[in-house]
Amino acid sequence: MGPFKSSVFILILHLLEGALSNSLIQLNNNGYEGIVVAIDPNVPEDETLIQQIKDMVTQASLYLLEATGKRFYFKNVAILIPETWKTKADYVRPKLETYKNADVLVAESTPPGNDEPYTEQMGNCGEKGERIHLTPDFIAGKKLAEYGPQGRAFVHEWAHLRWGVFDEYNNDEKFYLSNGRIQAVRCSAGITGTNVVKKCQGGSCYTKRCTFNKVTGLYEKGCEFVLQSRQTEKASIMFAQHVDSVIRKKYPTDGSEIVLLTDGEDNTISGCFNEVKQSGAIIHTVALGPSAAQELEELSKMTGGLQTYASDQVQNNGLIDAFGALSSGNGAVSQRSIQLESKGLTLQNSQWMNGTVIVDSTVGKDTLFLITWTMQPPQILLWDPSGQKQGGFVVDKNTKMAYLQIPGIAKVGTWKYSLQASSQTLTLTVTSRASNATLPPITVTSKTNKDTSKFPSPLVVYANIRQGASPILRASVTALIESVNGKTVTLELLDNGAGADATKDDGVYSRYFTTYDTNGRYSVKVRALGGVNAARRRVIPQQSGALYIPGWIENDEIQWNPPRPEINKDDVQHKQVCFSRTSSGGSFVASDVPNAPIPDLFPPGQITDLKAEIHGGSLINLTWTAPGDDYDHGTAHKYIIRISTSILDLRDKFNESLQVNTTALIPKEANSEEVFLFKPENITFENGTDLFIAIQAVDKVDLKSEISNIARVSLFIPPQTPPETPSPDETSAPCPNIHINSTIPGIHILKIMWKWIGELQLSIA
């Protein structure tokens, strides 16, 4: 892995582990970085103490690597020197390191002589500790007999600090009864030793075997289980870290979430499938680069985890996007991290990377601007919506990143940025959280309809845009789909109820993807922008659900249920919703893609919104959304329209049904509105006739779409009746005042006002 990948991995794992902690500890390629060891100002100056700390951590790193099966080690440590100590040439001023965020404090023993290493733990098991406390005498090895090698004891305390595990010994109750026999508290039970007690009297001490206490059923007070110096059984670090044969105890994995990242082949993954299935853990996978193991995604599928892919194209920001999707969390929406922007650019000759980020009113808390680079730190300029320049970026040249945390709630509006660099790649990522726990933030959830796609089967990309339960309409939504070759296809997603989109104006934007260029993994990233044309619908039209039952007949009587609540499908608020979001749609794997040139094997998409109505008495007007040459992309070559008076014949014998002359009908580009007016010929179309119509689209290589939905028109000519002559009684009735309220072609809506003198005015519309 290159240096850029390493720097990104540091940041993201820090976000995943929680940015609320003051600790600077990060995990980079299995190595812990950012550990701060602070020497208390009251410790007398002693240069050897610094070297002893280095030796302890070096020893601990080797021990941690061995005990965890080569999973973790200590990569670097910063040591805070008291200001009262003399200045040395190799001392540098601290950056982020402070006594407040120190992970280890080296201080004189309190009370004197008490050099026991310990870790502050305020929470329960599994919750991280606060700080490790060590004394200079302990670090100097003066307590080797009592606590074992310093490095091993440090790993024991590290488990308290980092993983929140508890000790596996009990100083208050060192023995217990099991099946009538006294057992020493130990892990594991195979650890060998002797139960003895030390007796001292008159300045002399001796050791004897423990005696049995008939009252308690246990050994006498002061009895100790003294371990054999050499053990063949493995012991837990949390029991006796000084024992040579030591492992980390296994803990239940039910409900755990594991992030697995790999950039290389591994032909042993399948060997752990059964164990993974039984673990109860959710595994999220990140395939990095083209060489990641092909079986990797199976771990996500069998555990319900996310599968993501990040290419080697740094400017696409794939690795940050992948971990951003994971770090958003599974908690309440108001607590999740929301990605507002993610983009990158390779700059040449002191070019600028300019852009804007919209912070809308639903977000703004914990807003973070993150910039990464591949060579040298760029010039960074950032302005808030009021035009005020923002400073205070924390720049870390080692990890090649800079970030700025906006205090409080970020200002609502358009933030502008300009980044300048030469001959390198820059990326910008902006994240935020809900500004108010009671105001749902606008969210974008993206995915594909399947994880694997076999050519020429099309894939559908979805983006669901919501504010709480309300859909966001008329947003500009695009999907960026990157293949393992690094080629990126931009796909506009639509909410038009045609092609891949099932329902119009439901906030779900969809599109077919057909532009395959190779086999292997593809990553999906969605960008959504709101604007003046966006709208929020207060009531979501029900798309599917249980049948509403208006009432029941009981004992020959109708028992009515309460009326069904009205669902107003046209109740739309035309309110501006200016926002920007990016979202990872995970990844999918394509197979059976032929070598270039890719043959045209994709037919036009099925027309699903065909409508028909009578026009001018005998003409039929058809409307539908145009499909494309390849599903909903491009332009179809021609249309085939057929009609029948039998819906079954049209459905089952479409090619035998009567064809309409479409010589003058030239298909429009996909997703355009098509209108076609024709007069039925060579078919009986008279009063009372039901006529059924369907369409098939054809592309340039004569591939045909599925038959469209079937539209129906009925010709009905109402009979003419002579006008009635009012009777004498009717002439004395109150006279109606007639008003034309509105006009639709061929239809008049009348409003009749019955005026009752001195009593009541009743309106019937």
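All figures in this text were calculated on a predicted structure; none of them were measured in a lab.

Trainee: I'd like a rundown of the overall build of the protein, residues and numbers included.
Mentor: Of the regular secondary structure elements, the protein holds 10 helices and 49 strands. Here the protein holds 765 residues, and 43% of them are scored as buried. Within the protein, counting contacts between residues at least 6 apart in sequence, those at least 24 apart form 69% of the total. Summed over its atoms, the accessible surface of the protein is roughly 42,000 Å², and 50% of this surface lies on carbon and sulfur atoms.

Trainee: Describe in detail helix 2 (residues 47-67), supporting the description with residues and values.
Mentor: With 21 residues, helix 2 should reach 30 Å at 1.5 Å per residue; the first-to-last C-alpha distance of 31 Å fits that figure. When helix 2 is considered as a whole, its buried residues turn out to be Leu49, Ile50, Ile53, Met56, Val57, Ala60, Ser61, Tyr63, Leu64 and Ala67. In the stretch just after helix 2, Gly69 is the one whose phi turns positive, near 65 degrees.

Trainee: Before we move on, can you summarise the state of the cysteines with the specific residues and values?
Mentor: Throughout the structure, instances matching the rule amount to two disulfides. A sulfur-sulfur distance of 1.9 Å marks the disulfide that ties Cys210 to Cys223. Since a negative S-S torsion denotes a left-handed disulfide, the Cys210-Cys223 link at about 95 degrees is right-handed. Taken together, the positions of Cys210 in the loop between strand 12 (204-209) and strand 13 (224-227) and Cys223 in the loop between strand 12 and strand 13 put the pair 13 residues apart, joining distant regions of the chain.

Trainee: Could you give me a rundown of the nonpolar core, with the residues and numbers involved?
Mentor: Counting 35 residues, the largest nonpolar core has Tyr32, Phe74, Phe154 and Trp158 as its most contacted members. Among the secondary structure elements, those contributing two or more residues to this core are strand 3 (35-39), helix 2, strand 6 (104-106), strand 8 (131-134), helix 3 (136-139) and helix 5 (150-163). Top element by residues in this core is helix 2. It accounts for nine residues. In terms of nonpolar packing, the next biggest core, distinct from the first, is built from 32 residues, Ile472, Val489, Val577 and Phe588 among them.

Trainee: Explain the sheet that holds strand 39 (residues 580-591) to me, using residue names and the numbers behind them.
Mentor: One open sheet holds the five strands; their spatial order is 28-39-34-31-32, and the pairing between them is mixed. The sheet is open, and its two edges are formed by strand 28 (452-454) and strand 32 (488-493), each paired on a single side. Ignoring strand direction, the axes of neighbouring strands in this sheet form an average angle of 30 degrees. For strand 28 and strand 39, the ladder comprises three bridges, and the chain directions are parallel. Of the residues in strand 39, the one forming a bridge with Lys454 is Ser591.

Trainee: Describe in detail the pairing of strand 30 (residues 470-473), supporting the description with residues and values.
Mentor: Burial along strand 30 is two-sided: Ser470 and Ile472 facing one way and Pro471 and Leu473 facing the other are all buried. Here strand 29 (residues 459-467) hands over to strand 30 after two residues, with Gly468 in that stretch at a positive phi of 65 degrees.

Trainee: Explain the packing of aromatic side chains to me, and be specific about the residues and the numbers.
Mentor: How two aromatic rings sit relative to each other is set out by the distance from centre to centre and by the angle between their planes. Scanning the entire structure with this criterion turns up 21 aromatic pairs. Judged by centre distance (6.2 Å) and plane angle (45 degrees), the ring pair of Phe72 and Trp163 falls under tilted. Separated by 91 residues along the polypeptide, Phe72 in the loop between helix 2 and strand 4 (73-74) and Trp163 in helix 5 bring together distant segments of the chain. This pair shows no difference in class: Phe72 is buried, exactly as Trp163 is. Following the ring pairs from residue to residue traces out a cluster consisting of Phe455, Tyr512, Phe513, Tyr516, Tyr522, Phe588, Phe602 and Tyr631. Looking at Arg642, its charged tip hangs above the ring of Phe654, at a distance of 5.5 Å from the centre.

Trainee: Talk me through the side chain of Thr429; I want residue IDs and the actual numbers.
Mentor: You can see Thr429 is positioned in strand 26 (residues 424-434). Among the polar contacts listed, one links the side chain of Thr429 to the side chain of Asn317, at a separation of 2.9 Å. Apart from residues no more than four positions distant in its own chain, Thr429 is found in contact with Asn317, Ile320, Gln339, Glu341, Ser342, Leu368, Phe369 and Leu370.

Trainee: So, the pattern of salt bridges: which residues are in play, and what are the values?
Mentor: Per the counting criterion, the structure on display carries 21 salt bridges. Among the ionic pairs, Lys704 bridges to Asp702, the shortest N-O distance being 3.7 Å. Classification of Lys704 as partly exposed rests on a relative accessible area of 39%.

Trainee: Explain the sheet that holds strand 12 to me, and be specific about the residues and the numbers.
Mentor: Taken together, three strands build an open sheet; the order of strands is 12-11-13 and the sheet is antiparallel. Single-partner strands in this sheet number two, and they are strand 12 and strand 13. Between one strand axis and the next, the sheet turns by 45 degrees as a mean value, whatever way the strands run. Judged from the four bridges that link them, strand 11 (residues 193-201) and strand 13 form a sheet pairing that is antiparallel.

Trainee: Summarise the pairing of strand 32; cite the residues concerned and give the values.
Mentor: Side chains Val489, Leu491 and Leu493 project from strand 32 onto a buried face, and the interleaved Thr488, Thr490 and Glu492 project onto a face without burial. What sits between strand 31 (residues 476-483) and strand 32 in their antiparallel hairpin is a turn of four residues, with Gly486 showing a positive phi close to 90 degrees.

Trainee: Residue-level account of helix 5, with values.
Mentor: With 14 residues, helix 5 extends 19 Å from end C-alpha to end C-alpha; this agrees with the ideal 20 Å at 1.5 Å per step. Across the 14 residues that make up helix 5, a large majority, 14, are buried. Just downstream of helix 5, Gly164 is the residue with a positive phi angle, here 70 degrees.

Trainee: Could you give an account of unusual backbone geometry, with specific residues and numbers?
Mentor: Residues Phe455 and Pro456 are joined by a peptide bond in cis, for which omega reads 5 degrees. Mapped onto the elements, Pro456 comes out in the loop between strand 28 and strand 29. The linkage connecting Ala596 with the following residue, Pro597, adopts the cis geometry, with an omega of 0 degrees. Along the polypeptide, Pro597 turns up in the loop between strand 39 and strand 40 (611-615). Unlike most non-glycine residues, Arg474 shows phi in positive territory, near 50 degrees. Its location among the elements puts Arg474 in the loop between strand 30 and strand 31.

Trainee: Talk me through the side chain of Glu220; I want residue IDs and the actual numbers.
Mentor: Relative to the elements of secondary structure, Glu220 occurs in the loop between strand 12 and strand 13. Taking relative accessible area as the criterion, Glu220 reaches 15% and is therefore assigned buried. Here the side chain of Glu220 touches Lys208 through a polar contact of 3.1 Å, side chain to side chain. Contacts of Glu220, omitting those with residues within four sequence positions, involve Val197, Lys199, Lys208, Arg209, Cys210 and Thr211.

Trainee: Outline the environment of Lys454, listing residues and values.
Mentor: Here Lys454 lies in strand 28. A relative accessible area of 54% places Lys454 in the exposed class. Taking the C-alpha atoms as reference points, Lys454 and Val589, separated by 135 residues in sequence, lie 8.5 Å from one another.

Trainee: Tell me about the packing of helix 2 against helix 5, and please be specific about residues and values.
Mentor: Packing of helix 2 against helix 5 brings their axes to within 8 Å, and their N-to-C directions diverge by 70 degrees. Between helix 2 and helix 5, the angle falls in the class roughly perpendicular. Packed against helix 2, whose contacting residues are Met56, Gln59, Ala60, Tyr63 and Leu64, the element helix 5 presents Gln150, Gly151, Arg152, Phe154, Val155 and Trp163 at the interface. The class makeup of the residues in the contact of helix 2 with helix 5 is seven nonpolar, three polar and one charged.

Trainee: Kindly report on the environment of Val489, identifying the contributing residues and their values.
Mentor: By the secondary structure assignment, Val489 is in strand 32. Apart from residues lying up to four places away in sequence, Val489 is in contact with Ala479, Leu480, Ile481, Phe513 and Thr515.

Parameters and conventions
Every chain is numbered independently, its residues counted from 1 as its sequence is written. Note on the predicted model: pLDDT of at least 70 is required for a residue's local features to be given, and 80 or more for side-chain atom pairs to be given and counted; whole-chain, interface and lining totals, by contrast, use all residues. Here the side-chain values reflect all heavy atoms present in the structure, with hydrogen atoms and water set aside. Segments assigned H or I by DSSP are reported as helices when at least four residues long, segments assigned E as strands when at least two residues long, and all are numbered from the N terminus. Accessible area is worked out with a 1.4 Å probe on protein chains only. A residue is then buried under 20% of its type maximum, exposed over 50%, and partly exposed in between. Any pair of residues with heavy atoms lying within 4.5 Å of one another is described as a contacting pair. Under the convention used here, a 1.4 Å probe and the Shrake-Rupley method define accessible areas, while residue burial counts only the protein chains that appear. The span one expects for a helix is its residue count, reduced by one, times 1.5 Å. Criterion for a disulfide: a pair of cysteine sulfur atoms at a distance within 2.5 Å. The definition of a nonpolar core used throughout is a set of buried Ala, Val, Leu, Ile, Met, Phe, Trp, Tyr and Cys residues joined through side-chain atoms within 4.5 Å. At least two DSSP bridges between two strands are required for those strands to pair. Helix axes are fitted only over the stretch in contact, all axes being lines through C-alpha atoms; the angle between N-to-C directions runs from 0 to 180 degrees. Stacked, tilted and edge-to-face are the three classes applied to pairs of Phe, Tyr and Trp rings, where Trp contributes its six-membered ring and a pair requires centres within 6.5 Å; stacked means planes under 30 degrees apart, edge-to-face means over 60, and tilted covers the rest. Placement of a charge over a ring requires the Lys NZ or Arg CZ to be within 6 Å of the ring centre, with the centre-to-atom vector within 35 degrees of the ring normal. The term polar contact refers here to a pair of N or O atoms within 3.5 Å; inside protein, the definition further demands a hydrogen-donor-capable atom paired with an acceptor-capable atom, and it admits residues adjacent in sequence only when both atoms are side-chain atoms. A pair is scored as a salt bridge if a Lys or Arg side-chain nitrogen falls within 4 Å of a carboxyl oxygen belonging to Asp or Glu. Oblique is the label for any angle not covered by the other classes, which are roughly parallel (under 35 degrees), roughly antiparallel (over 145) and roughly perpendicular (65 to 115). Gly counts as polar in this scheme, as do all residues outside two lists: the nonpolar Ala, Val, Leu, Ile, Met, Phe, Trp, Tyr, Cys and Pro, and the charged Asp, Glu, Lys and Arg.

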